[in-house]
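Residue-level structure breakdown
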Amino acid sequence: MLGSRLTRLAQQSAAQTLGLRAGVVGVNFAVMLGLAALLGFEIFGQLAVLWGVALVVGTVVSLGGPLILLRMLTDGQGMRASDISKVALFYPVLLSICAYTILASVWPALPWATILGAGVLVNALGCLASVMRALDSVQISMALRDAGPPVALGVAGVLSYDADAASIVTGAMLVMFVMALAGAFWVCWHAGIQTILSPVQRPCWSGSLWASSVLGMLIAQIDLIVGGAVIPAEQLGIYAILRRIANLVALPVTVATWVSAAPVSAAYGAGNPSALMRASAQASRIAVLPGLVLLTCGVLAIPLLPYLLPDPSGDGLGLIFAILLVGAFGQVFFAASFGVATLCNLSGLAMAARFLMIGLYVLWFQWWGTALAPLTNALGYVGAITLGGAALWWAVKRQLGVDTSAAVLLRAKGGQWKTS
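In this report, we go over the structure that sits alongside the text. All of these numbers come straight from a predicted model, not from anything done at the bench.

The next thing to look at is the overall build of the chain. Scanning the chain from terminus to terminus reveals 16 helices and zero strands. In terms of its C-alpha atoms, the chain occupies a principal-axis envelope of roughly 60 × 45 × 35 Å. Buried residues in the chain amount to 52% of all 420 residues. Restricting the contact set of the chain to residue pairs at least 6 apart, pairs at least 24 apart contribute 79%. When the accessible surface of the chain is totalled, it reaches about 17,900 Å², and 69% of it is carbon and sulfur. Looking at the chain, you have 19 positive and 12 negative side-chain charges, and the mean spots of the two groups are 22 Å apart.

So this is what it looks like as structure tokens:
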């Protein structure tokens, strides 16, 4: 049966992919700590803001390319090679050129050419990873998408450790360009490339997928970008480190989403409700136990923080870290929600949930204004993403009858299917 076969495939690759994901996060974590130690917390805080803006802008000009490619190349119909190239490269570059002419005049203080160039290359790596995922390469695609940009930033930081933040991002662009060339060569020469190509033109635009991608990236960076407008650079650098450490708890979420993406898409495309429920439950199963273990490790590490990091804000590193841990585990609890919504024609719900997260955080920021500190920043951020995740879980369950929370693991069945 389709559902059981897809579930077995997911189970076989989950452990291996989780190990790879742990290695990728370990590399990213080492890069982050290394840059903070090498550059100092003030320059590192500036770099965190600039890199965060590049990631958000890159997602804006991507037009949802990585998600569009992943969905269309895994549903069995394929795409034309020219359309893949347009989605991955031509449209983002064209939009970036247009954006530069506007942004450079409206906000000339920022190095927009560097920001947009870095964003286009990050998106190109993400698109290549989606094509690789369609070619059944879970590990290489994940490494390219998740480790490629931070490793490029780390290499640039080491080679330009005495430069400013903009110069380091420029160096990262060059490294990512080399990575993109290597990835394109791998894809073009893969034996299965013909299986995902199609002579038929298909619509390769989805406003909801694009908006959902942009909002997702904005949410991932909003507390650093918006909070960074009022929080001093040194305090923001410490906060960025604490948040990155806490995000280790959510490490299994990416694995669960990445492994279950193809089974979820295939099950929904085949109209197989049982397979969809099993694929969603499998995503939660992959995420929860490792997430609990990592959460426990994070809690045990709280007493060590004052000995490892300074506390320039005076808010208490342990309390800030505990709040961020709770937020990270909330993502684990609702691990399957965004993947199911995005791949099951409910991307509008994912977009609405992310709008809710952003709106709640912005309201919190407006409330505190210039008095915002790392502690209140963490409270607002965690509260916003947790409430938004819960809202999406409720909406998906209401529309599809599929429970995308970890609570499904406590029951024998994952809910009931509904067609509307």
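Moving on from the coordinates now.
Quick look at helix 7 (residues 165-188) now. For helix 7, built from 24 residues, the straight-helix expectation of 34 Å at 1.5 Å per residue is met to within 8% by its first-to-last C-alpha distance of 35 Å. Restricting attention to buried positions, one finds in helix 7 the residues A165, I168, V169, G171, A172, M173, M176, A180, G183 and V187.

Taken as a whole, this structure holds three salt bridges when the rule is applied. Between D146 and R145 there is a salt bridge whose closest N-O contact spans 2.8 Å. You can call D146 buried: its relative accessible area is 15%. With a closest N to O distance of 2.9 Å, R243 and D223 form a salt bridge. Within this pair, whereas R243 is found in helix 9 (residues 233-246), its partner D223 is found in helix 8 (residues 207-225), the two being separated by 20 residues in sequence. Judged by its relative accessible area of 7%, R243 is buried.

It is worth spelling out the packing of aromatic side chains at this point. Scanning the entire structure with this criterion turns up six aromatic pairs. Between F333 and F334, the aromatic rings sit 5.0 Å apart at their centres with planes inclined by 90 degrees, giving edge-to-face as the arrangement. Following the ring pairs from residue to residue traces out a cluster consisting of F333, F334 and W393.

Of note, the phi angle at L63 is positive, near 55 degrees, even though the residue is not glycine. Its relative accessible area of 21% is what places L63 among the partly exposed residues. Positive phi, close to 65 degrees, is recorded for N345, a residue that is not glycine. With respect to the element layout, N345 can be found in the loop between helix 14 (337-343) and helix 15 (347-368). Take N345: its relative accessible area is 56%, and that puts it in the exposed class.

On the surface, L38, V155, V158, L159 and Y161 cluster together to form a nonpolar patch covering roughly 500 Å² of accessible area. Among the elements that take part in the nonpolar patch, helix 6 (residues 138-159) stands out by supplying three residues, more than any other. Structurally, V155 can be placed in helix 6. Exposure remark for V155: the relative accessible area of 35% places this residue in the partly exposed category.

Topologically, R244 is positioned in helix 9. Along the primary structure R244 and V25 are separated by 219 residues, whereas in three dimensions their C-alpha atoms are 9.7 Å apart.

Analysis parameters
- Residues numbered from 1 in each chain as written.
- Predicted model: local features only at pLDDT ≥ 70, side-chain atom pairs only at ≥ 80, totals over all residues.
- Heavy atoms only, no water.
- Helix = DSSP H or I, 4+ residues; strand = E, 2+ residues; numbered from the N terminus.
- Buried < 20%, exposed > 50% of the residue type's maximum accessible area, 1.4 Å probe, protein only.
- Contact = heavy atoms within 4.5 Å.
- Areas by Shrake-Rupley, 256 points an atom, 1.4 Å probe, with all protein chains shown as cover.
- Lys, Arg positive; Asp, Glu negative; His and termini not counted.
- Charge placed at Lys NZ, Arg CZ, Asp CG, Glu CD.
- Expected span 1.5 Å × (residues − 1).
- Salt bridge = Lys/Arg side-chain N within 4 Å of Asp/Glu carboxyl O.
- Phe/Tyr/Trp six-rings, centres within 6.5 Å; stacked < 30°, edge-to-face > 60°.
- Patch = residues over 30% accessible without salt bridge, like charges linked within 9 Å, V, L, I, M, F, W, Y side chains within 5 Å.

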